[in-house]
Amino acid sequence: PFDRLREEILNDKIYGESVRFGFTRVPDVQNLTVVDIGCGRGLLTVFFALHGANAIGIDICPEALVCARDLALQLNVQDRCDFLQCSSEQIRIGTKTADIVFSRSTLQYVDRRRALNEFLRILRPNGILLLNENLPYNPVINLYRLIRRLRARSPEAIRYVKSIHGYLTFHEIQLLQSRLSILAHREYHFFRMLTIGLSTRLPSSSLIRLLDEQVAAVDTLLLTHFRVTKYLAWVTSVVAQATNEVPDASQRCFRHGN
């Protein structure tokens, strides 16, 4: 089960690279308090716990939290996991509690200003923020997003497209620098969303798998050596460290209008 969990997290086609990038830039999580934002089925919460963290997963969906607790029990880390039903905009965790705050594809579903302020509130001085989030810039993925919205007919599809509030911007990442030190920052997927879509539809095709690997290599080359291409990327990974001072509510980094 652990190997399957590791495979699902670290080799995920959309977020695997960005998650690995962040993981290599954080300290050993042994006995650290890690808060997994929007934990869903608890894959990452349990993954952190398996590496010795005191892991807290939060999610608004009670059904997802039932699955998360079952997974923690299955892998015998229930004593290192705590799951809370709450929103990312109102986290039921005390101020300066978390050594690491982790978010993967969460901010698109919430009020980003409020959520980011909450992330900063719960971080301890010198704590680490790991963001793996979607960006609003890539024209191919934006076309897909438009088609998805226009074609939404079923109640479930309509609820999903209405749940998306927007995507993390580079301006918001810059605003983080008033409170955090950006330790590392990298973007992913310039062309690769095309082959990710193909490989999802044809998972057994060795030709598509090879094509996806080649496109991924081209994307890495472009996004590493031609930084202007980041403005057309799909996903970003941000690793940042909190300062020693925690401002009060009047000094929050993200205010209305930002």
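Structure shown above.
Residues numbered from 1 in each chain as written. Predicted model: local features only at pLDDT ≥ 70, side-chain atom pairs only at ≥ 80, totals over all residues. Heavy atoms only, no water.

## Comments concerning the overall build of the chain
Each helix and strand in the chain was counted, giving 10 helices and 7 strands. Radius of gyration (C-alpha) of the chain: 18 Å, near the 18 Å computed for a compact globule of 258 residues. When the backbone C-alpha atoms are referred to their principal axes, the chain occupies close to 50 × 45 × 40 Å. Counted over contacts in the chain with a minimum sequence separation of 6, partners at least 24 positions apart contribute 77%. Summed over its atoms, the accessible surface of the chain is roughly 13,100 Å², and 54% of this surface lies on carbon and sulfur atoms. Within the chain, one finds 32 positive and 25 negative side-chain charges whose respective centroids are separated by 5 Å. (Helix = DSSP H or I, 4+ residues; strand = E, 2+ residues; numbered from the N terminus. Rg over C-alpha atoms; globule rule 2.2 N^0.38 Å. Contact = heavy atoms within 4.5 Å. Areas by Shrake-Rupley, 256 points an atom, 1.4 Å probe, with all protein chains shown as cover. Lys, Arg positive; Asp, Glu negative; His and termini not counted. Charge placed at Lys NZ, Arg CZ, Asp CG, Glu CD.)

## Re the packing of helix 1 (residues 2–10) against helix 3 (residues 43–50)
For the pair helix 1 and helix 3, the least separation of the axes is 10 Å and the interaxial angle reads 120°. Between helix 1 and helix 3, the angle falls in the class oblique. For helix 1 against helix 3, the interelement crossing comes out left-handed. In contact with Phe2, Leu5, Arg6, Glu8, Ile9 and Leu10 of helix 1, helix 3 contributes Leu43, Leu44, Val46, Phe47 and Leu50. Among the residues forming the contact of helix 1 with helix 3, the class breakdown is 9 nonpolar, no polar and 2 charged. (Axes fitted to C-alpha atoms, helices over the stretch in contact; angles between N-to-C directions. Parallel < 35°, antiparallel > 145°, perpendicular 65-115°, else oblique. Left-handed = near helix turned anticlockwise from the far one by under 90°. Nonpolar A, V, L, I, M, F, W, Y, C, P; charged D, E, K, R; others polar.)

## A look at unusual backbone geometry
Note: most peptide bonds trans; most residues except glycine with negative phi. One non-glycine residue, Lys96, lies in positive phi territory at about 55°. Backbone geometry places His189, a non-glycine residue, at a positive phi of 70°. The residue His189 is located in the loop between strand 6 (180–188) and helix 9 (193–201) in this model.

## Remarks on the pairing of strand 5 (residues 123–134)
For strand 5, the tally of buried residues reaches 9 of 12 residues, placing the bulk of the element in the interior. Pairing analysis gives 6 bridges linking strand 4 (residues 98–104) to strand 5, with the strands arranged parallel. The partner of Ala98 across the bridge, within strand 5, is Leu123. Read from strand 4 through helix 5 (residues 112–122) to strand 5, the crossover connection turns out right-handed. Pairing of strand 5 with strand 7 (residues 235–242) involves 7 bridges; the strand directions are antiparallel. Residue Glu133 lies in a different strand from strand 7, and its bridge partner there is Thr236. (Buried < 20%, exposed > 50% of the residue type's maximum accessible area, 1.4 Å probe, protein only. Pairing = 2+ DSSP bridges. Right-handed = clockwise from strand over helix to strand, strands pointing away.)

## Regarding the packing of helix 9 against helix 10 (residues 206–225)
Interhelical geometry of helix 9 versus helix 10 gives an angle of 160° and a closest axis separation of 9 Å. Classified by the angle between their axes, helix 9 and helix 10 sit roughly antiparallel to one another. Crossing of helix 9 over helix 10 shows left-handed handedness. Facing Thr195, Ile196, Leu198 and Ser199 of helix 9, the residues of helix 10 in contact are Ile208, Leu211, Asp212 and Val215. Of the residues in the contact of helix 9 with helix 10, the class split is 5 nonpolar, 2 polar and 1 charged.

## Here we look at the sheet that holds strand 4
Reading across from one edge, 3-2-1-4-5-7-6 is the order of the 7 strands in this open sheet, with mixed pairing throughout. Each edge of the open sheet is held by one strand with a lone partner, namely strand 3 (81–85) and strand 6. Neighbour to neighbour, the strand axes of the sheet diverge by 15° on average, direction disregarded. As defined by bridge partners, strand 1 (residues 33–37) adjoins strand 2 (residues 54–59) across 5 bridges and the pair is classed as parallel. Residue pairing in the sheet places Ile37 in a bridge with Ile58 of strand 2.

## Digging into the packing of aromatic side chains
The final tally for this structure, using the stated rule, is 10 aromatic pairs. Geometrically, the ring pair formed by Phe23 and Phe102 is tilted, given 6.0 Å between the ring centres and 40° between the ring planes. Note that Phe23 is positioned in helix 2 (residues 16–23) and Phe102 in strand 4, a separation of 79 residues in sequence. Summarising the burial analysis for this pair, Phe23 and Phe102 share the class buried. Counting every residue linked through ring pairs, the aromatic cluster contains Phe2, Phe23, Phe47, Phe48 and Phe102. Positioned above the aromatic ring of Tyr167, the side-chain terminus of Arg145 is 3.7 Å from the ring centre. (Phe/Tyr/Trp six-rings, centres within 6.5 Å; stacked < 30°, edge-to-face > 60°. Lys NZ or Arg CZ within 6 Å of the ring centre and 35° of its normal.)

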